[in-house]
Amino acid sequence: MKTYLYTRVLILLLSLFVAHHGYAQAVPERDTVYVHDTIYISNNYDWREIFGFRYHDSGRDSIAGYPLDYYTLDTACSAYAIGFLGSSWRPSCDRMTDELLALAVRKDPKFHPLYVWCLFMTLRISDGCLAENVGLPARRYAEVYPKEFFAAMDQPRDSDMYALFIEAIRYSGDEASEHSPDEVRAHIEARMLSHCTGCSAALHQRIHQFSVDCTLPFEQNTYDR
């Protein structure tokens, strides 16, 4: 009789141990899935909110006075720009981002405002790896379109862009042939002036100051636009 009771107790204890062990093994797996799912959801991006589109409607939100549909419904529009505009992908340090940002200097009258907008918005979200890809496209845009560049810098909605251009160019805007800050400054100023026929003396001074700002040490972060 005692042997029977001992056996029953032993079986009961063994069953409780196995059940508890199985439960303990299952909980971390479920928790891991839950945490993973939460992180995944939090990494969705909606540029329409970040970039101030009011309506979430491509027929009513606009860039440069034209509704988004004006650009995106045209089959000639870059798929990269459409994807960025629609929040379906985030620029990063990859070939697609390089091709998107290079469009800002393409002579394409219809899509030029959209492609410049993509450059500006990429500068606003630039961090980490992406920061290594934006300096040269930003510099080339300023060099090729100096009048347009400074006109944009004077708009209240883009009051942050001057500092973003400077920081991006200082961080990743050197060309392979340049070996010193003086070379960077000289090349930027010369190229901007070459695309500024008929510019005023005041604009020449702004170009000079921009080229100097692009080569300031990183600890100097006050810019005179």
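Scope of this entry: the structure provided in the associated data block.

## A word on the pattern of salt bridges
Next up, step 1: By the definition in use, this model includes twelve salt bridges.
Next up, step 2: Residue D158 is joined to R124 by a salt bridge in which the shortest nitrogen-to-oxygen separation is 3.2 Å. Within this pair, whereas D158 is found in the loop between α8 (146-153) and α9 (161-172), its partner R124 is found in helix α6 (residues 112-125), the two being separated by 34 residues in sequence.
Next up, step 3: On the accessibility criterion, R124 (30% relative accessible area) is partly exposed.
Next up, step 4: Across the pair R191 and E143 runs a salt bridge whose closest N-O atoms are separated by 3.9 Å. With R191 in helix α10 (residues 181-194) and E143 in helix α7 (residues 131-144), this pair connects stretches of sequence that are 48 residues apart.

## Considerations on unusual backbone geometry
Next up, step 1: Look at H56: it is not a glycine, yet its phi comes out positive at around 55°.
Next up, step 2: Relative to the helices and strands, H56 resides in the loop between α2 (47-50) and β1 (62-63).
Next up, step 3: A positive phi angle, near 55°, is found at A64, a position not held by glycine.
Next up, step 4: Looking at where A64 falls in the secondary structure, it is placed in the loop between β1 and β2 (66-67).

## Concerning the packing of α7 against α10
Next up, step 1: Here α7 crosses α10 at 40°, and the two axes come no closer than 7 Å. Considering their axes alone, α7 and α10 lie oblique with respect to each other. Listed contacts from α10 to R139, A142 and E143 of α7 are V184, H187, I188, R191 and M192.
Next up, step 2: Grouping the constituent residues of the contact of α7 with α10 by class yields four nonpolar, one polar and three charged.

Reading the values: rules and limits
Residues numbered from 1 in each chain as written. Predicted model: local features only at pLDDT ≥ 70, side-chain atom pairs only at ≥ 80, totals over all residues. Heavy atoms only, no water. Salt bridge = Lys/Arg side-chain N within 4 Å of Asp/Glu carboxyl O. Helix = DSSP H or I, 4+ residues; strand = E, 2+ residues; numbered from the N terminus. Buried < 20%, exposed > 50% of the residue type's maximum accessible area, 1.4 Å probe, protein only. Axes fitted to C-alpha atoms, helices over the stretch in contact; angles between N-to-C directions. Parallel < 35°, antiparallel > 145°, perpendicular 65-115°, else oblique. Contact = heavy atoms within 4.5 Å. Nonpolar A, V, L, I, M, F, W, Y, C, P; charged D, E, K, R; others polar.

Take it as geometry only, folks, not as evidence of what the structure does.
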